[in-house]
Each structure stands twice: as structure tokens, then as C-alpha cells.
Amino acid sequence: MKVLKFGGSSVATPNRIRNIFSIIQPRIAQNENLAIVFSAFGGVTDQLIEMIETAGKGDDSYVNVVQTCKERHYEAIEDLFEGNHRSNELARIDVLFLKLENVLRGVHLLKEASDRSYDYVMSFGERLSNSIIASYYKTQNVNTEYIDARQLISTNSDFRSAKVFKDLSYKNIQEAFKNKEGTTHIITGFIASDQEGKTTTLGRGGSDYTAALFAAALEAEALEIWTDVDGVLTTNPKMVSKAYPIKQMTYIEAMEMSHFGAKVIYPPTIQPVHLKGIPTYIRNTFNPEYVGTLIHKEVVNNNGSIKGLSSLSGVSLITLSGTGLQGTPGVAARLFSCLASKSINLILITQASSEHSICLAVMEDKSKLAKQTLLEEFTKEIDDKLIDNIDLINDISIIAAVGESMKDKPGIAGKLFSALGRNGVNIEAIAQGSSELNISFAVHAKDEKKALNLIHDSFFLNADKTLNLFFVGTGLIGGTLIEQLKEFKENIRASRGIDLKLIGLSNSRKMSFNANGINLDNWKDDLDNSNEKADPNQFVQKMIELNLANSIFVDNTASNTIPGFYETILDNSISISTPNKVASSSSYESYVNLKKIAKDRNVLFLTETNVGAGLPVLSTIQSLRNSGDEIVKIEAVLSGSLSYIFNNFSTDKSFHDLVKKAQELGYTEPDPREDLNGSDVRRKITILARESGYELEKSEVKVSEILPQECIDASSTEDFFIALKANENYFQKLISESESKNEKLRFIAKFEDKNASIQLLSVDDKSPFYNLSGTDNMIALYTARYINSPIVISGPGAGANVTAAGVFSEIIQIANERFDY
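A short tour of the structure in this document, coming up. (Residues numbered from 1 in each chain as written. Predicted model: local features only at pLDDT ≥ 70, side-chain atom pairs only at ≥ 80, totals over all residues. Heavy atoms only, no water.)

Another aspect to go through is the overall build of the protein chain. Per the secondary structure count, the protein chain includes 28 helices and 30 strands. Over its C-alpha trace the protein chain gives a radius of gyration of 36 Å, far above what one expects of a compact globule, namely 28 Å for 821 residues. Taken across its 821 residues, the protein chain has 54% of its residues classed as buried. Taking as baseline every contact in the protein chain between residues at least 6 positions apart, the subset at least 24 positions apart corresponds to 72%. Within the structure as shown, the protein chain displays about 35500 Å² of accessible surface, and the carbon and sulfur contribution to it stands at 46%. A gap of 3 Å separates the mean positions of the 85 positive and 104 negative side-chain charges of the protein chain. (Helix = DSSP H or I, 4+ residues; strand = E, 2+ residues; numbered from the N terminus. Rg over C-alpha atoms; globule rule 2.2 N^0.38 Å. Buried < 20%, exposed > 50% of the residue type's maximum accessible area, 1.4 Å probe, protein only. Contact = heavy atoms within 4.5 Å. Areas by Shrake-Rupley, 256 points an atom, 1.4 Å probe, with all protein chains shown as cover. Lys, Arg positive; Asp, Glu negative; His and termini not counted. Charge placed at Lys NZ, Arg CZ, Asp CG, Glu CD.)

So, in C-alpha cells, the structure goes:
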């Protein structure tokens, strides 16, 4: 004997009923003995609730709902039956609806819907559906028996959620199935009766429970729960899009997951089959070829150790604390007893070994009653200051990580909470039993989805780990970075299991968001067609509100405004990568504060591309300092744009033309004076000094001006180029003097003895800067260990490709840190 159960979505339409028959019929043909439990047609239970609630208010409109429900069943009969079979079934259904209308009429007259009446009305959903399905199977030449479970399952009189008398129910079922070989039994789910014959219902998941009771009573070979998903998933797919079916799990794992909100299975369903050791399959009516999930007693070890995640929202935390709790016997007993007297269920309980506080979780709709009950119970202790005021926190979600293999693998909890901590998810309460089967913890409801995604990415090896990217700036660097992302995205997914998603994008005119990822093939069109005007503040707020795990903000601009949001971004546990030098070269106090926030929030604030584009300058300094070395002097050519200009400048070339070309190639800032007046280099040497451990303000850097005053004072970039051309002789004189000594002009920054300076120098061939070419930067680091022969880092220091590549490298660095690679 096998017991099967099909839910409401599986029998929602006549075609779906036929689809189920196509699953069942071959098995009947192979002489399988089947008992099949059906729920009400999809949506009918809701209609029945509406009927009785409306009638209970004395509202005549309940008759309209009855008529709609009646027509729904008539249509099913018209579709499934022909001739006399159709008329006979219509007559049978009419009798049932007459009984339903009679009881509703009484409820309407009394304007009162008792729990007893509620259960009786609710029973019609399963009675109608199973009656029709049983008759349909008979027309298909199947030896079928319709069983009203009210005749077999006996309960107490707790209407709407009755408790089953299992021994009596099992005896009734066994008697009913004697000598019934070759008969296919169609059984009403969800409903039962008390010992006086009054109709009761089994509560949430009642039809599954019915099937489990029949399976246990008959010691079935297997129980099959057919639903509309491919089995028990690793977590809620509405929260985590990467959730996938679990192939096998134990009864205990299934019960733990169902207790904390897994919707496919319900706690009462597991207990009967667990006690009898009956294998239980969760399968998909709409994908019958898929094997689904097997629930049995064997522990199947999995690499990730956590078998599944479930969550429960709409929870409140209540905390009792005070010195009076320490060493006082009976406090916990009083707490549990007084709450039980009000039928308040405790979801989670935790107490520190100090006994100073007890924290418990209840459903939010019971939270006020729970708090009031505790205040009344412990009035004397509160008055005597032995217990502080009882605290209540709403908008909480409970998340449970479940797996019987967790106890065999050290570090699970550490890895789990580390992933949450790195992303700013605060834990309000934690509970774990000594069996290590379940780690349960409470988070704010706004962090539920984020937490589930983080843990799923960290532990479930079948899933790619997602980085959620937010880019501001789509100019030369930003646009190039997006193209690099597009080019290498799939390679990184395949080789490293990292899914890079561009979620938010903004230029100076428009901004666009897509929580599933912006299409990198059409990002320009998507941005141009967006209805959202660019607004840095709104962009940052939207990013924070999305609250996505492993988020990275990338500022690809030279804006003075965007860095003003860095503090807020970091404070919300979002890492930053940026070539924008403004923040790191602003006041030293602000620089230190950003570093502190990043450290406190356990996120990264990466600015490698502030100096040397894609060259490993800041990371080298950091490595040296981490090893105990000390930076004592820095000499550097730090401007790729000025390198390009002075490396190519000679007496036979126009200085104006070189500057113009450098601007067109994107080597300089939009206004080249930002480079030529030393402002850009000043920022960089300031950053280098700070990263080397020194306190230096940008204003303390001495810069020897190389531009004539007329060029400096030009009112626009266009006027600047006019002035530059007019002063060509000034620059020709500088290069002539340098070439006459067989030297070259280099714009060199220096930091030594806590002093920084920048000047245009003419260097001979003994200088390491003499042979620079193209846009190369060169940084010479003199340290306590490398005092005579410095560490020299040299390479391209400007250009969209190398700068974007540097930012891309930082994105991967953040991934490595986030995912413990």
C-alpha cells in the first residue's frame, strides 16, 4: 500500500484532475494498491471562509459567494462527465450544497459563526472535491471507493485545530481497509470528527496530516505528498532565487525546517511516518518525472553540512532581565506557565549562563498579550527592582539553519555569523541545542531576505555567490569598467563561482535599478530610457533600501559631491571601491573616520586606483607596514597625464598640442589645470603619506607652480587652451634649457621627514625617472629595510583601461574577502 496526497493547486481545474489521473492510472494498471487523499479544489477553502465570515456578520452577500462556488463545481462536472454520469453527479453535488446553504442560513440568522460551524462549513471543500474525483475515477473503469475521513479519524472537540486520537483512528482505518485489495481509495483530507460525531478540522496542513495518519495506520510502503514544487527546497525561493531541491533529508531535519516556516511540509505530517519509519516523498504534480525529495531516517552527509534554511516572519522578542533572575528557582517555570495559560506559543527561548536575562520569541499578534501577562505575573519582582522593565521588540524574523551533519563539522556557526556580520546583519538572539541540529537566530525583519541569501551563498555549493554592484559614473572609466564586466562576467562565474550583478547605475542625467541585474548588453539604452533623474542622495538611499547581501558601491567619477555619501554607505555595511581621490585626500579627520567606519562595519574601503591607476602601490605600502616595516621617504612621478606630456615634450613639439591630445585621450581631467597645477599630484602624495602612516593635510604639500598666471586665471577650459597657446615660448624655454644639459623634465613629488613637496625638475640619466615613457608612473619607496635601494613600482599611471582594470581587481578582492577565498 502507498498513500498519496494531492493539494489544492494540483486539483484546481478539470485538466489538472486529468493530469493526476495520467500519473495514477499506470500505477493502478501495475496493481499498486493506492490510497489517495485530495484537498479541496484550489481557492475553494478561501471561498468557504468568506462565506461563513460574511454570513456571521449578517451580510446577505454570502449567497453570492455560495453561487460562485457552486458554479465552479458545476463547471468541473460538465467538463469531466458525460450523459447519466453528469446528471447523477450534479444531483449528488446539489445535495451537498443544500446542506451547506442550510447551515449558512442559520449562521446568517444568528449573526454568529462558532468554531463548530466553521469546521462544518470548511468540510465541504474536501467532501465536494473528493466526491467528484472518486466518481470521475469510476467512469475511467477504476475500482474506486470514496472515504469520508470523518468516519475514521477521531479527534477531541478543539474545533479548527483538533487533536487526533491516534490509536482509535488507526484501528478505524485498519478495519475499513480490511479485504480491500485492488481498490483505489479516494479520501477526504483535512477533516475528521469528535467522539460525538461532530465535524472537526485538523488545522494548517491538515490534508498532509490526513495522508500521514492513513500511511501510519496502514504501515504503508511509502507516503507521497504531491504539490506544485520539485520537493523541499534549500530555502524559500521567494527570498532566495537560487534555492534548489534537496534530494534527501531526515525526518528530524524535515520537522525542524517545517517548524520554522518551510511551507511544503507541516510538523504534524512528519510525526506519524517518523514513528513508523515510512519513507516520505515530496513530488511535483506538474513535473512528475522529477524524483523530488526523499524524507527518511538515514542521515546523508552533505559537503555544506547545513541541509536547509527556513525562516519565520511576524515575530516579536520579549526580554526579561534583572539581578532577581540570578539563582532564583522557578522563574522559568512561572514564565512558561503563565504564557501557556493564555495559549501563547513560544517559538524560541534563550538564556545566558549568568541567568541575568531570559529572551523569548512569540508571534507578533500575541506579543502585547504576552508582555501584559508577564507584567502581571512578575509585578512584585518589578516593584522590588529585582526585574527590570520587560522589553518588547517587534518586526523580527527567526531564521533556522538545519542539518544533522552540522555536529560533525566544526566552525559552522562561526562561518555563518561571520558572513552575516560582514554584511551588517545584527543578531538579536541565538538558540542552539546540544544536538547541534538547528542553529536558530533572530534578526530584524528588514534583514531576513539578506540573511537568507548570505547563508545560502556561503553554504550551498550548487549556487554561485552573488556580488551586487552599484556604479556611479559612466564616463571613460565607468563605461570601460562596464565593458570589462560584460567581457569577463561569465569567465569569473565559471572559474570562481561568483555572479557579478550590476544592480544600480547612474550618470549625471539618469539612474536605473534592476534587482535582478541590469542587462550589460543594453545598459546605455536602459539608462537613457530610464524615468529616474540622477540624484546621488536618492541613488544611495535606494541602494540602502534594497539591502542586498554583498553589495559594493563604485564611484567612477571625479565628483566632489559623491564622496560626501561614503560615510553613510560604509555605515550601512556596503564596501566601496573608487578611483575618486577626493575622500582620501580631504581632511585627515575625515580620512581617518572613513577608515574607522569601514573597520567597525567589517567592510572594505578600497582606493588603490587613487594613485597609479592599476599599479599595486597602496597595497605594497600596506604589505610593508603589515610586516613591521616603516616608510621613511617617497619619491614619485604620480601623474600619468603629466608623464605623457613631459615624456613626449621636446623642442620640436608644441606644449599646447600635447596637453590637448592628453585631454582627448582621457589622460587628464576634463580641465587639464587639475593636472598641470599639481592639484591631482598633491592629492596623490597626500594619500601616499597617509597610507604610509603619517598625518598630512593636503594644504601642507608645497607645490611649485609650472603654469603662467594667465593660464591659471583663465575663466574656462576653452580660455585656458587659448592662454596656453599664447605662452608657448615659456614652455619652449624650459625644455630647451633641459635638453641643453641632456636632461629631461619630470614632475616629481617627494615626501620625507613629514614634509611633502611637488616641483618640475630637470633630471639626468642617473635618475630612475629619466627613462620614463608613455603615461608611466614611478614610485620609489624608501623604507627602514630598503633605505639605500628603494622598492620601485613603475607602469602606466593613467588611462581608462588600466584604471577600470584596477577597480575590477578591487571588486574581486572584495569578493575574496566576502566569500573567504
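Resuming the write-up.
Moving on, we come to helix 14 (residues 448-459). End to end, helix 14 covers 17 Å across 12 residues, agreeing with the expected 16 Å (1.5 Å per residue, within 8%). Burial analysis of helix 14 places 10 of its 12 residues in the buried class, the great majority of the element. Within the span of helix 14, buried status applies to E448, K450, A451, L452, L454, I455, H456, D457, S458 and F459. Contact partners of the buried residues in helix 14: strand 12 (308-321), strand 15 (391-402), helix 13 (412-422), strand 17 (438-444) and strand 18 (465-472). (Expected span 1.5 Å × (residues − 1).)

Both faces of strand 6 (residues 191-194) are covered, namely the face carrying I191 and S193 and the face carrying A192 and D194. Two strands pair when backbone bridges link them, and strand 4 (residues 154-155) and strand 6 are joined in this way by two bridges, in the parallel orientation. Its bridge partner lying in strand 6, S154 is registered against S193. The pairing of strand 6 with strand 7 (residues 199-201) spans three bridges and is classified as antiparallel. Paired with I191 across the strands is T201, a residue of strand 7. A loop of four residues connects strand 6 with strand 7, the two strands running antiparallel in sequence, and G197 in this loop sits at a positive phi of about 85 degrees. (Pairing = 2+ DSSP bridges.)

Moving on: the side chain of N33. As for its position among the elements, N33 is in the loop between helix 1 (14-29) and strand 2 (34-38). Beyond its immediate stretch of four places on either side in the chain, N33 contacts M1, K2, E181 and G182.

Turning our attention to the environment of N491. Mapping N491 onto the fold places it in helix 15 (residues 476-496). Owing to a relative accessible area of 49%, N491 belongs among the partly exposed residues under this scheme. Spatially, the C-alpha atoms of N491 and V3 are 48 Å apart, while their sequence positions differ by 488 residues.

A complete count under the given rule lists 24 aromatic pairs for this structure. Between Y120 and F124 the ring centres are 5.2 Å apart and the planes differ by 85 degrees, which places this aromatic pair in the edge-to-face class. Linking Y120 with F124, this pair stays in helix 5 (residues 115-139), spanning four residues, or about one helical turn. A residue is classified by how much of its surface remains accessible, and Y120, at 24% relative accessible area, is partly exposed. A relative accessible area of 0% places F124 in the buried class. When the centroid spacing of 6.0 Å and the interplanar angle of 35 degrees are considered together, the rings of Y588 and Y591 count as tilted. Linking Y588 with Y591, this pair stays in helix 19 (residues 588-600), spanning three residues, or about one helical turn. Take Y588 and Y591: they sit in the same class, and that class is buried. Among the aromatic residues, ring-to-ring pairing joins F470, F513, F539, F553, Y566 and F605 into one connected group. A cation sits over an aromatic face here: R127 above F124, 4.2 Å from the ring centre. (Phe/Tyr/Trp six-rings, centres within 6.5 Å; stacked < 30°, edge-to-face > 60°. Lys NZ or Arg CZ within 6 Å of the ring centre and 35° of its normal.)

What follows concerns the pattern of salt bridges. Counted according to the given criterion, the structure contains 36 salt bridges. Linking K2 and E32 is a salt bridge whose minimum nitrogen-to-oxygen distance equals 3.8 Å. With K2 in strand 1 (residues 2-6) and E32 in the loop between helix 1 and strand 2, this residue pair connects regions lying 30 residues apart in the sequence. For K2, a relative accessible area of 19% translates into the label buried. By relative accessible area, E32 is classed as partly exposed at 23%. Where D79 meets R18, a salt bridge forms, and the shortest distance between an N and an O atom there is 2.5 Å. Taken together, the positions of D79 in helix 3 (residues 62-80) and R18 in helix 1 put the pair 61 residues apart, joining distant regions of the chain. Note on R18: relative accessible area 28%, which makes it partly exposed. Three or more residues are tied together by salt bridges with common partners; here these are K2, R27, E32 and E224. (Salt bridge = Lys/Arg side-chain N within 4 Å of Asp/Glu carboxyl O.)

Quick look at the packing of helix 2 (residues 44-56) against helix 4 (residues 83-110) now. Between helix 2 and helix 4, whose axes approach to 7 Å, the crossing angle comes to 35 degrees. Seen along the crossing, helix 2 lies across helix 4 with a hand that is right-handed. On helix 4, the residues touching L48, M51, I52, A55 and G56 of helix 2 are L100, L104, V107 and H108. Its residues assigned to classes, the contact of helix 2 with helix 4 shows seven nonpolar, two polar and no charged. (Axes fitted to C-alpha atoms, helices over the stretch in contact; angles between N-to-C directions. Left-handed = near helix turned anticlockwise from the far one by under 90°. Nonpolar A, V, L, I, M, F, W, Y, C, P; charged D, E, K, R; others polar.)

So, on to the sheet that holds strand 4. An order of 4-6-7 is seen for the three strands of this open sheet, with the pairing classed as mixed. For this open sheet the edge positions go to strand 4 and strand 7, each flanked by a neighbour on one side alone.

So, about the pairing of strand 12. Sheet faces and side chains relate simply in a regular strand, where the side chains alternate between the two faces. The element strand 12 is largely enclosed, with a buried count of 11 among its 14 residues. As paired elements, strand 12 and strand 15 share nine bridges and run antiparallel to each other. Pairing of S311 across the sheet is with I399, part of strand 15. In this structure, strand 12 lies alongside strand 14 (residues 357-363), joined through seven bridges in antiparallel fashion. Within strand 14, the position partnered with V315 by the bridge is M363.

Attention now goes to the sheet that holds strand 28 (residues 755-763). Strand pairing within a sheet occurs via backbone hydrogen bonds; the two strands may be parallel or antiparallel. Read from one edge of the open sheet, six strands run 26-28-27-25-29-30, paired in mixed fashion. What marks the edges here is a single partner per strand, and that holds for strand 26 (702-703) and strand 30 (791-796). Bridge count between strand 25 (residues 631-637) and strand 27 (residues 744-752): four bridges; the pairing is antiparallel. Paired with I634 across the two strands is F751, which belongs to strand 27. Where helix 24 (residues 679-691) meets the sheet, it contacts strand 25, strand 26, strand 27 and strand 28, and its direction lies at approximately 35 degrees from that of strand 27. Sitting on the sheet, helix 27 (residues 728-740) is in contact with strand 27 and strand 28, with an inclination near 90 degrees to strand 27.

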